[in-house]
Amino acid sequence: MTHIEERLSALEAQVAALTERLTSTPAPPDTPPAPEGTFWALDGLKQRLPSDGTGAVLYTGTVRVADQHYDWQYGRTVDDLLDGDWTELAATLSALAHGVRLRLLREVLSGRQGTGELAEIEELGTTGQLHHHLRQLTAAGWLRSVGRGRYAVPAERVVPLLAILAAAGR
C-alpha cells in the first residue's frame, strides 16, 4: 500500500469513528427524530476518503437568490486545514465581523446592488460610512465591483458565506 493509500485509509477510519460518535450522541429533548438518510452528504464523503486519515471537511450548496443560481462544493482534508496558516484568514473573516457589512452582503445578495439603492437604507449609515464598508468587503473578496457604483457577491463566495453564517448560528 502506498503512503497516500495508507493516509486515505486512515482518514476513512477516522471519519467513520467520528460519524459513529456523532450519530450515537442523544439528541436534545426538543429535537425531532432524524429522517432516514440524514447524513447522506457525510456518507458520500466517507466513501471517498481513506480510513487512515484524520478526516475532511466538505461544504456544498445550491442557492437561488435574486434570480441567480449558484452551485458550489469545496472540501479540504483536516491535515491541510490544520497545517495552514490561519492568521492569513484574519482579514477575510474580520470583514464579516460587523453588522453593517453583514447587512450589506444580505442586501447585495437580495438584488440591491447599487450604491444609490444601498444608501437609501438608513441603518447602513452615511454615504461615507457606506463606501468605507463596501471597500472593506471588496478588499476581503466578499464583494466585487460589477460596474459604476454596483456590487455583487462573487459566485464563488455565495455558498461559503452562507456556510459561515449557518455555522455561526449553531
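Residues numbered from 1 in each chain as written. Predicted model: local features only at pLDDT ≥ 70, side-chain atom pairs only at ≥ 80, totals over all residues. Heavy atoms only, no water.

Enquirer: Sorry, what's going on with the environment of V57 here?
Expert: Locating V57 in the fold gives a position in strand β2 (residues 56-65). Residues V57 and R76, 19 residues apart in the sequence, show an inter-C-alpha distance of 5.5 Å. Dropping the residues within four chain positions of it, V57 is found in contact with Y74, G75, R76 and L81. (Helix = DSSP H or I, 4+ residues; strand = E, 2+ residues; numbered from the N terminus. Contact = heavy atoms within 4.5 Å.)

Enquirer: What's the story with unusual backbone geometry in this structure? I'm lost.
Expert: Where the residue is not glycine, phi is negative for most of them; where a peptide bond is considered, it is trans in most cases. One non-glycine residue, A66, adopts positive backbone phi at about 45 degrees. With respect to the helices, strands and loops of the structure, A66 is situated in the loop between β2 and β3 (68-77). In this structure, D67 takes a positive phi of about 60 degrees despite not being glycine. Within the element layout of this structure, D67 appears in the loop between β2 and β3. For D67, a relative accessible area of 75% corresponds to the exposed category. (Buried < 20%, exposed > 50% of the residue type's maximum accessible area, 1.4 Å probe, protein only.)

Enquirer: Which parts of the structure should I look at to understand the packing of helix α5 (residues 99-109) against helix α7 (residues 127-139)?
Expert: When two helices pack together, their arrangement is given by the angle between their axes and by how far apart the axes lie. Packing of α5 against α7 brings their axes to within 10 Å, and their N-to-C directions diverge by 75 degrees. Classed by the angle they form, the pair α5 and α7 counts as roughly perpendicular. Residues V100, R101, L104 and L105 of α5 form the contact with α7, whose participating residues are L130, H132, H133, L134, Q136 and L137. Here the residues of the contact of α5 with α7 sort into 6 nonpolar, 3 polar and 1 charged. (Axes fitted to C-alpha atoms, helices over the stretch in contact; angles between N-to-C directions. Parallel < 35°, antiparallel > 145°, perpendicular 65-115°, else oblique. Nonpolar A, V, L, I, M, F, W, Y, C, P; charged D, E, K, R; others polar.)

Enquirer: Quick question: what am I supposed to make of the layout of surface pockets here?
Expert: A water-sized probe rolled over the atoms picks out the places where empty space is left. Reported here for the largest pocket is a volume of approximately 1100 Å³. Taken together, 28 residues make up the lining of the largest pocket; nearest its centre are V57, Y59, L81, P160 and I164. With 6 residues, helix α8 (residues 155-168) is the single largest residue contributor to the lining of the largest pocket. In terms of residue class, the lining of the largest pocket is built from 18 nonpolar, 4 polar and 6 charged. (1 Å grid on protein atoms, 1.4 Å probe; cavity = no way out; pocket = protein on both sides within 12 Å on 5 of 7 lines; lining within 4 Å. Points joined across faces, edges and corners; volume = space filled by probe spheres on them.)

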